[in-house]
Amino acid sequence: MTSWIEHAIWWHVYPLGFVGAEPAALPPGAQVRHRLPRLEPWLDYAIELGCSGLLLGPIFASETHGYDTLDHFSIDARLGDNEDFDRLVRAARDRGLRIVLDGVFNHVGRGHPKFGDPRFAHWFVPEGSGHRTFEGHHGLVTLNHSHPDVLDYVVRVMDHWLTRGASGWRLDAAYAMPAVFWRKALAQLRPLHPGAWIAGEMIHGDYAGYVAESGLDTVTQYELWKAIWSSLNDRNFFELTWALDRHNALLGSFVPLTFVGNHDVTRLATRLDDERHLGHALAVLFTVGGLPSVYYGDEQAFQGVKEERLGGDDEIRPAFPAGPGDLDPAGWPAYRLHQRLIGLRRRHPWLVRARTTVPHLTNTAVALEADGGDSRFVTLLNVGTEPYRFPVDPAGLAIAETSGGGQPKDPCLVPAHGWTILTGA
């Protein structure tokens, strides 16, 4: 894994939603909407949050939501043009921020110029009386990953934007693609861009096996995402402990991309049954091993429900105002909480590969310990209705962060629905 990624904290942004773009592609001949620069006033906001890079959703020409690509070599006209992209890269680099792009290479939009052209019939997979689609979505036509022309095309696209200034790729729906395809693609790409970071979207399946076979740097950690909010809602920390055991095993071969929210799931602040447990979820995210990502708006405790219907993603992919000063003041406490926990994480970069042990566990109380050799973290979570004193030896430990603020006399006594992070040698 490249050295710079060891310190990465991502701010994950869905650009088409962020800038309030039209829901469908502009008609032919329409004037380009130069909206990508609207991200620039938010770069300092991301830095002040503690992030070191932008994980961007789709920005290439598409039919609607960005995942039905029409041209991988062109910026979507609803966002701008290549010059707007170059400007954003420069602005990010000037601030020390890296940009990772969303690569949708499992499928293309039905309106892609190569689909329906007999000369490119081999690019697609026949199925029944038509063509294979992604998870039954008529508008998303699956590419034929066994054909060398498709491999060559994907490599050219990735090389083009890495050369233009991107630092890596998030590969959409990697779980639906043959791992050997990425092994072949990266064999060509790595010599050209040895410092690029390549992450795959894995919702289910054998995470470690896919990474090993594909040669990707990492995949998304959906198991941990689910266990975090579910264990808090169900008052069942045994589920979280089980997931952390699995997570520890993954860390033996790669560092997963961790998150508590993204562009495809209901917002964390909405998902949690008790708003007091937002800090608990963040405390886990930022004190266990992994490469943390914060989905835009989660740092402001945005609400939003993902629905399985046409337009069901709109609520979780909203437009942002012109600048941070226009945000609802009610969201800033959540932002400052993120700041504190991200700052703590960045002061202890060894956490990126830290394994987590569980010295104490009940349904409603858990102690999570990360050992870095010279230092350690003990995260205490209590979702019970009464204060809970953890049977943890506090010798050599001090309070780093706590849900209530301040410095309680007893570092191991955690209030009802509270949490505490202890650090020390």
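Please refer to the structure placed before this passage.
Per chain, residue numbering runs from 1 following the sequence as it is written. Only residues with pLDDT of 70 or above have their local features reported here, since the model is predicted, and side-chain atom pairs are shown and tallied only from 80 upward, although totals for entire chains, interfaces and linings are computed over all residues. Excluding hydrogens and water, the side-chain values take into account all heavy atoms of the structure.

A. Highlighting the overall build of the protein. Secondary structure elements are defined from DSSP: runs of H or I of at least 4 residues count as helices, runs of E of at least 2 residues count as strands, and each element is numbered from the N terminus. Helix and strand content of the protein: eleven helices and 22 strands. Here the protein has a C-alpha radius of gyration of 22 Å; the compact-globule value for 425 residues is 22 Å, and the two agree. Note on contacts: a residue pair is in contact if any heavy atoms of the two residues lie within 4.5 Å. Across the protein, contacts joining residues at least 24 apart in sequence account for 72% of those joining residues at least 6 apart. When the accessible surface of the protein is totalled, it reaches about 16700 Å², and 53% of it is carbon and sulfur. When the 38 basic and 50 acidic side-chain charges of the protein are each reduced to a single mean position, those positions are 2 Å apart. Radius of gyration here uses only the C-alpha atoms, and the compact-globule reference equals 2.2 Å multiplied by the residue count raised to the power 0.38. With residues, only the protein chains shown are counted as cover, and all accessible areas are computed by Shrake-Rupley using a 1.4 Å probe. All tallies of charge rest on Lys and Arg as positive and Asp and Glu as negative; His and the ends of each chain are not included. Charge positions come from single atoms, namely NZ of Lys, CZ of Arg, CG of Asp or CD of Glu.

B. Structural view of the layout of surface pockets. Points on a 1 Å grid, built from protein atoms alone, make a cavity when a 1.4 Å probe fits but cannot get out and make a pocket when they are open with protein on both sides within 12 Å along at least 5 of 7 lines; residues with an atom within 4 Å of a point are the lining residues. Grid points are joined across faces, edges and corners, and a volume is the space filled by probe spheres set on the points. Its boundaries defined by the atoms lining it, the largest pocket holds a volume of some 1000 Å³. Lining the largest pocket we find 38 residues, and of these His-65, Tyr-67, Lys-306, Asp-313 and Arg-317 sit closest to its centre. Here the element with the most residues in the lining of the largest pocket is strand E10 (residues 137-142); it accounts for three residues. Considered class by class, the residues forming the lining of the largest pocket number 13 nonpolar, ten polar and 15 charged. There is about 290 Å³ of room inside the second largest pocket. Lining the second largest pocket are 13 residues, with Glu-275, Leu-278, Gly-279, Ala-334 and Leu-337 sitting closest to its centre. Elements represented by at least two residues in the lining of the second largest pocket include exactly helix H10 (278-285) and helix H11 (332-347). Here the lining of the second largest pocket is built from residues that sort into seven nonpolar, three polar and three charged. Classification convention: Asp, Glu, Lys, Arg as charged; Ala, Val, Leu, Ile, Met, Phe, Trp, Tyr, Cys, Pro as nonpolar; all other residues, Gly among them, as polar.

C. Structural detail: the sheet that holds strand E6 (residues 107-109). Between any two strands, pairing holds if DSSP finds at least two bridges. Taken in spatial order, the three strands make up an open sheet running E6-E10-E9, and their pairing is antiparallel. Each edge of the open sheet carries a strand with a single partner, namely E6 and strand E9 (133-134). Sheet analysis places E6 next to E10, joined by three bridges and oriented antiparallel. When the sheet's bridge partners are listed, His-107 is paired in E10 with Thr-142.

D. Highlighting the pattern of salt bridges. Salt bridges are counted wherever a side-chain nitrogen of Lys or Arg sits within 4 Å of a carboxyl oxygen of Asp or Glu. With the rule as written, the count across this model stands at 25 salt bridges. A salt bridge links Glu-201 to Arg-170, with the nearest nitrogen and oxygen atoms 3.3 Å apart. One end of the pair, Glu-201, is in the loop between strand E12 (197-200) and helix H6 (207-214); the other, Arg-170, is in strand E11 (residues 168-171), and 31 residues separate them in sequence. For every residue, the accessible area obtained with a 1.4 Å probe (protein chains only) is divided by the maximum for its type, and the residue is called buried under 20%, exposed over 50%, and partly exposed between those limits. Glu-201 sits in the buried class, given a relative accessible area of 3%. Between Glu-369 and Arg-376 there is a salt bridge, with its nearest N and O atoms 3.0 Å apart.

E. Here's a closer look at the nonpolar core. Remark: nonpolar core denotes a set of buried residues (Ala, Val, Leu, Ile, Met, Phe, Trp, Tyr, Cys) joined through side-chain atoms within 4.5 Å. Counting 118 residues, the largest nonpolar core has Trp-11, Leu-101, Trp-169, Trp-182 and Leu-240 as its most contacted members. Counting residues per element, this core draws most heavily on helix H4 (residues 148-163), at nine residues. Counting residues in hydrophobic clusters, the runner-up holds 13 residues, among them Trp-4, Leu-251, Val-255 and Leu-257.

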